[in-house]
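What follows is each chain in one-letter form.
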Amino acid sequence: MLSQTPATSKPVLTQGLLERLVFGSGLVFNQTWEDPDVDKQALALGGDDVIFAIASAGDNVLACALAGPKKIYAVDLNPAQIYLLNLKIAAAQQLSYADFWHLFSLAPAPRAHGIYHQLLRSHVDDETRRFWDANLGLVRAGLYRAGVFGRTLWLLRTYLRVVCGSRALARVFECQSLAEQADFYFKRVHSRWWNPLAKPFAEQLPILLMFGAHPHQARRVRGRQFASFLAAGIRRAMSTSPARDNFLWQQVLLGRYLVPPPYLRPENFARLKEAVTRIETRVGRAEIFLSDVPPSSVTRFNLLDAPDWLSAEETIRWWDVLQEAAAPEARVLFRSIDPGYRLPDSILSRWQNISDPNWVARERTGVYAGVHLLCRRS
């Protein structure tokens, strides 16, 4: 990675150290930051589907499992993300709903030690067990502060409490109409949050990395007024759908759920216990894993924002592997923070873009410029 020119070697070296610090072997994501309602609509999952998914924190995988597919392959390059998903799978199978909620509701979990050692530890594989033996404090302290992403959101929430006030943040979720919510959010939160000092600060590489952007992804948007685009997207998300249903931003602004994500809802728990038996987890590179699955066997791909992380050459190689693994009329879903993201024509000749432009507006995170859905051409 180091430049061969002395003039740039120091910045590149510093950048490399920063990347290794943020994207090391520890937990990065404590919560998946994609809207499962958009996933559900775009992927149109059924009982015969075989799904490949980037695991991340596992929320998206568990939401897909609730649709009752035949099989889900959940793969992540970061072992800690797989260990988190493995813990959630074991917990869904072994725990009561009350204990399951206690561990994963993003609130402090003082009973985590007893629940883990008495009910879960013997039901996970050796690597997962070693990880949680050493890192159970992440769960006990509360997953809302766990991982790079969780700690960064805690810092953001602390900043917002200073500039907006805790009461104003809570008030966003108490508005009785969208018009009231939009007006209150803009006047009491947005205009104070996105002040002239915050916008340029938000585009700096260290900040993008702390929010979970991969280095390649961060470089895509630097210098493109990304902060202004991001501010507009978040304002749209907080103005066009009820905040009381937006569990994603509840975590950011409050540090807790008012309405939990699908996998944490009590009415789904019995179904989740059976559904997680169809999930196969694996640590490794997605393209290597997919090279080993039976050809033409995967009907749905949920790639989160992973394509944003790829160079032009890596993108071509990825889609060659996807093409081989994909069943006829398979669907591939992914997000991008880059407003100018476009796949090469050589890929689009084999895959039809069936994206709905309304999905960006419906995406309750507000952080994505594109929600892309492609279908394999016959």
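Rules used throughout
- Residues numbered from 1 in each chain as written.
- Predicted model: local features only at pLDDT ≥ 70, side-chain atom pairs only at ≥ 80, totals over all residues.
- Heavy atoms only, no water.
- Helix = DSSP H or I, 4+ residues; strand = E, 2+ residues; numbered from the N terminus.
- Expected span 1.5 Å × (residues − 1).
- Core = buried A, V, L, I, M, F, W, Y, C linked by side-chain atoms within 4.5 Å.
- Buried < 20%, exposed > 50% of the residue type's maximum accessible area, 1.4 Å probe, protein only.
- Contact = heavy atoms within 4.5 Å.
- Axes fitted to C-alpha atoms, helices over the stretch in contact; angles between N-to-C directions.
- Parallel < 35°, antiparallel > 145°, perpendicular 65-115°, else oblique.
- Nonpolar A, V, L, I, M, F, W, Y, C, P; charged D, E, K, R; others polar.
- Phe/Tyr/Trp six-rings, centres within 6.5 Å; stacked < 30°, edge-to-face > 60°.
- Lys NZ or Arg CZ within 6 Å of the ring centre and 35° of its normal.
- Pairing = 2+ DSSP bridges.
- pLDDT = per-residue confidence, 0-100.
- Left-handed = near helix turned anticlockwise from the far one by under 90°.
- Salt bridge = Lys/Arg side-chain N within 4 Å of Asp/Glu carboxyl O.

Undergrad: Is there a simple way to explain helix H9 (residues 147-163) in this structure?
TA: Every α-helix carries 3.6 residues per turn, so stepping three or four residues along brings you back to the same face. Between its first and last C-alpha, H9 extends 25 Å over 17 residues, near the 24 Å set by a 1.5 Å rise per residue. Looking one or two residues past H9, Gly165 carries a phi angle of roughly 95 degrees, positive in sign.

Undergrad: I'm lost on the nonpolar core in this one. Help?
TA: In terms of nonpolar packing, the biggest core is built from 92 residues, with Phe100, Phe104, Leu120, Val139, Trp193, Leu272 and Ile279 touching the most fellow members. What Ile279 contacts, discounting residues up to four positions off in sequence, is Val61, Leu62, Ala65, Ile72, Ala74 and Ile89. One finds Val293, Phe301, Ala325 and Leu348 within the second-largest nonpolar core, a separate group that totals 30 residues.

Undergrad: Can you help me understand the packing of helix H4 (residues 79-94) against helix H7 (residues 126-135) in this one?
TA: Two measures define how a pair of helices packs: the angle their axes make with one another and the distance between the axes. At a minimum axis separation of 9 Å, H4 and H7 run at an interaxial angle of 95 degrees. The angle between H4 and H7 places the two elements in the roughly perpendicular class. Here Ala80, Tyr83, Leu84, Asn86 and Leu87 of H4 lie close against H7, whose contacting residues are Glu127, Thr128, Phe131 and Trp132. For the contact of H4 with H7, the class distribution of residues is six nonpolar, two polar and one charged.

Undergrad: Would you mind showing me how to read the packing of aromatic side chains here?
TA: Centre distance and the angle of the planes are the two values used to describe a pair of aromatic rings. For the coordinates displayed, the defined rule picks out 18 aromatic pairs. Taking the centre distance of 5.1 Å and the plane angle of 40 degrees together, the rings of Phe100 and Phe269 count as tilted. Of this pair, Phe100 sits in helix H5 (residues 97-104) while Phe269 sits in helix H17 (residues 269-275), and the two are 169 residues apart along the sequence. When the centroid spacing of 6.4 Å and the interplanar angle of 80 degrees are considered together, the rings of Phe247 and Tyr257 count as edge-to-face. With a gap of ten residues between them, Phe247 in helix H16 (residues 247-254) and Tyr257 in the loop between H16 and H17 connect regions that are remote in the sequence. In this pair, the class of Phe247 matches that of Tyr257, namely buried. Lying across the ring of Phe184, Arg171 places its NZ or CZ 5.2 Å from the centre.

Undergrad: Quick question: what am I supposed to make of the sheet that holds strand S3 (residues 279-283) here?
TA: The pairing of strands in a sheet comes from backbone hydrogen bonds and takes either a parallel or an antiparallel form. Here seven strands make up an open sheet; going across it, the order is S3-S2-S1-S4-S5-S7-S6 and the pairing mixed. Of all the strands in the sheet, just S3 and strand S6 (351-353) have a single pairing partner and so form its edges. Averaged over all pairs of adjacent strands, the angle between their axes in this sheet comes to 20 degrees, without regard to strand direction. As judged from the five bridges shared by strand S2 (residues 71-76) and S3, these two strands associate in the parallel manner. Bridging from a neighbouring strand, Ile72 pairs with Ile279 of S3. Taken strand by strand, helix H2 (residues 36-43) contacts strand S4 (298-302), strand S5 (326-336) and strand S7 (370-376), and its axis lies near 155 degrees from that of S5. Lying on the sheet, H4 is in contact with S2 and S3; it crosses S3 at an angle near 155 degrees.

Undergrad: Where do I start with the confidence of the model for the protein in this structure?
TA: Low-pLDDT portions of the prediction should not be read for the details of their coordinates. Taken over all residues, the pLDDT of the protein has a mean of 88, while the share at 70 or more is 87%. This model gives residues 1-19 a pLDDT under 50, and the stretch forms 15 contacts once residues within four places in sequence are excluded.

Undergrad: So what exactly am I meant to see when it comes to the packing of H5 against helix H6 (residues 112-120) here?
TA: Between H5 and H6, the shortest axis-to-axis distance is 10 Å and the interhelical angle comes to 125 degrees. On the basis of their axis angle, the class for H5 and H6 is oblique. Considering how the two elements wind past one another, H5 and H6 form a crossing that is left-handed. Of H6, the residues touching H5 (which contributes Asp99, His102 and Leu103) are Ala112, Ile115, Leu119 and Leu120. For the contact of H5 with H6, the residue count by class is five nonpolar, one polar and one charged.

Undergrad: Please explain the pattern of salt bridges as it appears in this structure.
TA: Opposite charge on two side chains allows them to pair when their charged atoms are near. Taken as a whole and judged by the stated rule, the model has 18 salt bridges. Asp126 is the salt-bridge partner of Arg129, the closest N and O atoms lying 2.7 Å from each other. Residue Arg129 and its partner Asp126 are located together in helix H7, separated by three residues, close to a single helical turn. For Asp126, a relative accessible area of 46% gives the class partly exposed. Close ionic contact of Arg350 with Asp320 constitutes a salt bridge, the shortest N to O distance being 3.3 Å.

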